[in-house]
Amino acid sequence: MRIVIALVLLSLAFPVLAQKKGARVSGRVLDENENPLPGVSVTILGRTTGLTTTDSGTFRIKVPAEKAFALVFSFTGHKPEQRNFFLSEGEEEHIVVRLEHGGKALQEVIVQDQRDRQEAGLIKINPKNAINIPAPVGGIESLLKIFVGSNNELTSQYSVRGGNYDENLTYINDFEVFRPYLVNNAQQEGLSIINPELTRSVNFYTGGFQARYGDKISSALDIQYRKPKDIRFGGSAYLGLLEQGLHLEGAAANNKFTWLIGLRNRTNSSLLSSQETKGSYAPSSSDLQAQFSYQLTPRTEIGLLGTLSQTRFHLIPESSQLTSSIFSPYYTANLGLDIYFEGQEKDNYQTNLLGLSLTQQLNPRLKLKWMASRFEDKEQQNYDITGIYLFGDRDFDKSSSTFGQITNPLGAGAYQNFARDRLDIAVWKATHKGYLSLKHHYVQWGISAERQVVESHLNEWQYQDSAGYSLPYVPGTPGISNVVIGNQSPGINRTTGFIQDNLLFSDSARFTLQGGVRYNYNDLNHEFLVSPRIGASWRPRSAKRDIIYRASVGIYNQPPFFREMLRPDGSLNTRLKAQRSWQVTAGFDRNFTINQRPFRFTTEAYYKSMTRVDPYDINNVHIQYFALNDAKAYATGVEFRLTGELVKDAESYLSLGFMRSMEKIDTFYYHYTIDSLGRPLDSTKRQMGWVRRPSDRLFNLGLFLQDYLPTNKNLKAYLNFLFGSNLPFNIPGNLQYRNALTIDPYIRIDIGFSALLLDSEKSNRRSHNPFRNFENIWATLEVFNLIDRANTISYMLIKDFSNTTYAIPNRLTPRLLNLKLVGRF
């Protein structure tokens, strides 16, 4: 592995190693009064090392030859100066540089806390990169997908280490937040619940998280919003073809009162209109988020967090043309499916959160926090769409008069999808947390009481007509299938709590131990759960290597929520028990430098054993559970991550993951022996074996690169590359061939280019300039799906006249351009 990493790093550093003999630049640096300036920093743009001028203001620096580069001259209290060059090998150029007064003061030096390296599964992400990463959805979740992979660019949902999105925890300022539950298709989704412009820190645990986090079995995402300081008024605004946003912030009364407000709006019309289903798309999503804090006394602070989000989706489909090619040793075919629609779909999703917190710093060692919140989710989903389809061989001969048409029909029919769904969820929660810091101990505890109320009214069905027969076929009676009828109003009272201790065995923190336990009880099925968790880290005493080894082991239980208890027919299994798992994680991370720039390499291996598993199927983003504890499963794998600055002040990420996730359902099926006429002759009863889980993906690769021109830091480029090997896809209602279909590998390349239109220097702007208060303005051009790959998200199953079933792929978005302006003030 060391050889592989060395080769990767060597290839990245090759342009530096391959430089020619070089050239030189010499000269003198003066101030506005022609006085020499000693101690001026002289560096090559993109590098961290350089030299300083002598007492007489002179310098002489070695520079690359036969390539463009830039020198940056900076000195406290003066404006930085940049000079561009292109010199021949052995050439030396003499210059005089004059620096003007008016530069910004030295920035505050921030000493980073190294405790994040001691926790297993933790990835710290810079939220500032969320505005830069080129992706149709963007935001914090697009950064997370670099590390955990993706198969759908239209959604902000993600799966971690063989799980699904319902197995992930998300917190904003310690308040747990949720997403709508009825969404069936990613095109119905709106904005992410996280506003990156308000975010201060992102802690993402891919597993092995401590007892202070809740009861889910895959991941925990801890988001902390910013608290403005020493700023009276500021903010940012961005305007794009897909999304627009504004954020304002400020502080008053000597920083006793702070406020932070974010407003966003998103419309995916241009994105969705490029898909295979043509029609009138009218999606819209907007949200308002606000955070306020007031310091009542020097040791007491009150805070308020509020979010309000609304998403509407209106679709009037017209037609769809799907195509699939078959290649085999026996024949090849280009199959096509033409569908013509009638009807429409109207959906509405509203979520809101109101959270109040009171923090008391009783003394330097003891802090208490009291929290109360209310989360509400209101969803309406209505569609009544009829499709008439023709299936057969499609003509791809451009010289033919029937190009693009189906010339050899293999099947025809009609279908109707109907739904009238309502879902209202309200969650009230009261929490107390405590933090006690001792010499070698950091003790945390918490207790919560929660009330969940659900009001659900579901009415769904499908009608299928193939060659004049309704399916399932009942003579004399038109049949409907996939009927979902349910009127449920469960109420759940839940109490949870935890206590944990982070122990340092010495002042140098060479060895740490984190141990804790949490409990969970609910009055719906009266299940009491206990989850002990322990982790450790060790840093060897070595002056040459900055390396930390870490490991964790623990029990992770996931009590069922409404969606896990909902059976496919719409009824509710209130006896459903929690899914259980024990997990072990071990790995290391190492800090090192290349060309004086910081890098970190991380390796983690993990194993998850799960019992009382509630199996599920995934179609697009819709998760349908069996609502049964009748399976067991496991997930195991290894992950490699490399983060660092390939160029100065531009962090990049590289992630590779290998995983296998399997499940075994405690049920059986009948295998039939068929004669030449398709009639059953005999049957045998067979027990289900181990099969792939819906999120089983052997290999994931994610890459996010940031770069800029060597002579101009104001022209930047961003690359977002995702590769994931194939995923299984389930044939509905068929246990024998469960997850037997495969979705082709997901390959996605998005690229962006940014240019600085207005810099941070305000002194040269006139008073009547409309942009006089802006710090900077950037323009960005993004190319989504650069290689125009037709990725598959799911399959539509179609039968021909001979009752043979074909899987026709549903594709994701093609290549698309996006423009964006970002300004900060």
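Below or above, wherever it landed, is the structure these notes cover. Note that the structure is a prediction, hence the values are computed from the model and not measured. (Residues numbered from 1 in each chain as written. Predicted model: local features only at pLDDT ≥ 70, side-chain atom pairs only at ≥ 80, totals over all residues. Heavy atoms only, no water.)

Within the protein one finds 4 helices and 45 strands. Against the compact-globule benchmark of 28 Å for 825 residues, the protein has a radius of gyration of 30 Å, which places it among compact chains. On the principal axes, the C-alpha backbone points of the protein span a range of 100 × 75 × 60 Å. If you take every contact in the protein between residues at least 6 apart in sequence, the share linking residues at least 24 apart comes to 67%. Counting only carbon and sulfur atoms, one obtains 56% of the accessible surface of the protein, whose full area is about 38400 Å². Across the protein, the mean location of the 91 positive side-chain charges is 7 Å away from that of the 79 negative side-chain charges. (Helix = DSSP H or I, 4+ residues; strand = E, 2+ residues; numbered from the N terminus. Rg over C-alpha atoms; globule rule 2.2 N^0.38 Å. Contact = heavy atoms within 4.5 Å. Areas by Shrake-Rupley, 256 points an atom, 1.4 Å probe, with all protein chains shown as cover. Lys, Arg positive; Asp, Glu negative; His and termini not counted. Charge placed at Lys NZ, Arg CZ, Asp CG, Glu CD.)

This brings us to helix α2 (residues 139-148). For α2, the tally of buried residues reaches 10 of 10 residues, placing the bulk of the element in the interior. Listing the buried residues of α2 in full gives G139, I140, E141, S142, L143, L144, K145, I146, F147 and V148. Directly after α2, the chain includes G149, whose backbone phi takes a positive value near 90°. (Buried < 20%, exposed > 50% of the residue type's maximum accessible area, 1.4 Å probe, protein only.)

An order of β8-β11-β12-β9-β10 is seen for the 5 strands of this open sheet, with the pairing classed as mixed. Every other strand in the sheet has two partners, leaving β8 (122-125) and β10 (175-176) as the edge strands with one partner each. Examined bridge by bridge, strand β11 (residues 199-205) and strand β12 (residues 219-225) share 6 bridges and lie antiparallel to one another. Across the sheet, the residue bridging to N203 is D222, located in β12. Relative to the sheet, α2 contacts β8, β11 and β12, its axis offset from that of β8 by approximately 140°. (Pairing = 2+ DSSP bridges. Axes fitted to C-alpha atoms, helices over the stretch in contact; angles between N-to-C directions.)

Mapped onto the secondary structure, S150 falls in the loop between α2 and β9 (168-172). The exposure class assigned to S150 is buried, which follows from its relative accessible area of 9%. At a separation of 3.1 Å, a polar atom in the side chain of S150 contacts the main-chain amide nitrogen of N152. The residues contacting S150, other than those within four sequence positions of it, are K145, R697, L722 and Y746. (Polar contact = N/O pair within 3.5 Å; in protein donor to acceptor, adjacent residues only side chain to side chain.)

A separate point is the environment of L701. Relative to the elements of secondary structure, L701 occurs in strand β37 (residues 699-709). What makes L701 partly exposed here is its relative accessible area of 21%. The spatial distance from the C-alpha of L701 to the C-alpha of L722 is 5.8 Å, given a sequence separation of 21 residues. Those residues in contact with L701 that sit more than four places away from it in its chain are L654, S655, L656, F721, L722 and F723.

The subject of this paragraph is the pattern of salt bridges. Summed over all chains, the structure comprises 35 salt bridges. Close ionic contact of D696 with R660 constitutes a salt bridge, the shortest N to O distance being 2.4 Å. Residue D696 is found in the loop between β36 (690-692) and β37, and its partner R660 is found in strand β33 (residues 650-665); the two are separated by 36 residues along the sequence. In this structure, the salt-bridge partner of D750 is R748, at a minimum N-O distance of 3.0 Å. Grouping residues by exposure puts D750 and R748 together as buried. Residues joined in a network through salt bridges with shared partners are R161, R550, D589, E604, E639 and R641. (Salt bridge = Lys/Arg side-chain N within 4 Å of Asp/Glu carboxyl O.)

Moving on: empty space enclosed by the protein. One pass over the full model with this rule turns up 9 cavities of 30 Å³ or more. A volume near 650 Å³ is recorded for the largest cavity. What lines the largest cavity is a set of 42 residues, and nearest its centre among them are N151, S159, G163, S695 and L727. Mapped by element, the contributors of at least two residues to the lining of the largest cavity are α2, β30 (616-619), β32 (631-647), β33 and β39 (727-729). Per-element accounting of the lining of the largest cavity gives the leading share, 5 residues, to β33. Of the residues that constitute the lining of the largest cavity, the class distribution is 19 nonpolar, 18 polar and 5 charged. The volume enclosed by the second largest cavity comes to roughly 270 Å³. Around the second largest cavity sit 23 residues that line it, and V137, G138, G139, E243 and R266 are the ones nearest its centre. Secondary structure elements with two or more residues in the lining of the second largest cavity: β13 (234-240), β15 (257-266), β42 (776-784) and β45 (816-824). (1 Å grid on protein atoms, 1.4 Å probe; cavity = no way out; pocket = protein on both sides within 12 Å on 5 of 7 lines; lining within 4 Å. Points joined across faces, edges and corners; volume = space filled by probe spheres on them. Nonpolar A, V, L, I, M, F, W, Y, C, P; charged D, E, K, R; others polar.)

Moving on, we come to the sheet that holds strand β2 (residues 41-44). The strand order across the open sheet formed by 4 strands is β3-β2-β5-β6, and the pairing between neighbours is antiparallel. On the outer flanks of this sheet lie β3 (50-52) and β6 (81-86), each paired with one strand and no other. Going across the sheet, the axis of each strand differs from the next one's by a mean of 20°, ignoring polarity. Where β2 and β3 come together, 3 bridges link them in antiparallel fashion. Residue pairing across strands places S41 opposite T52, the latter belonging to β3.

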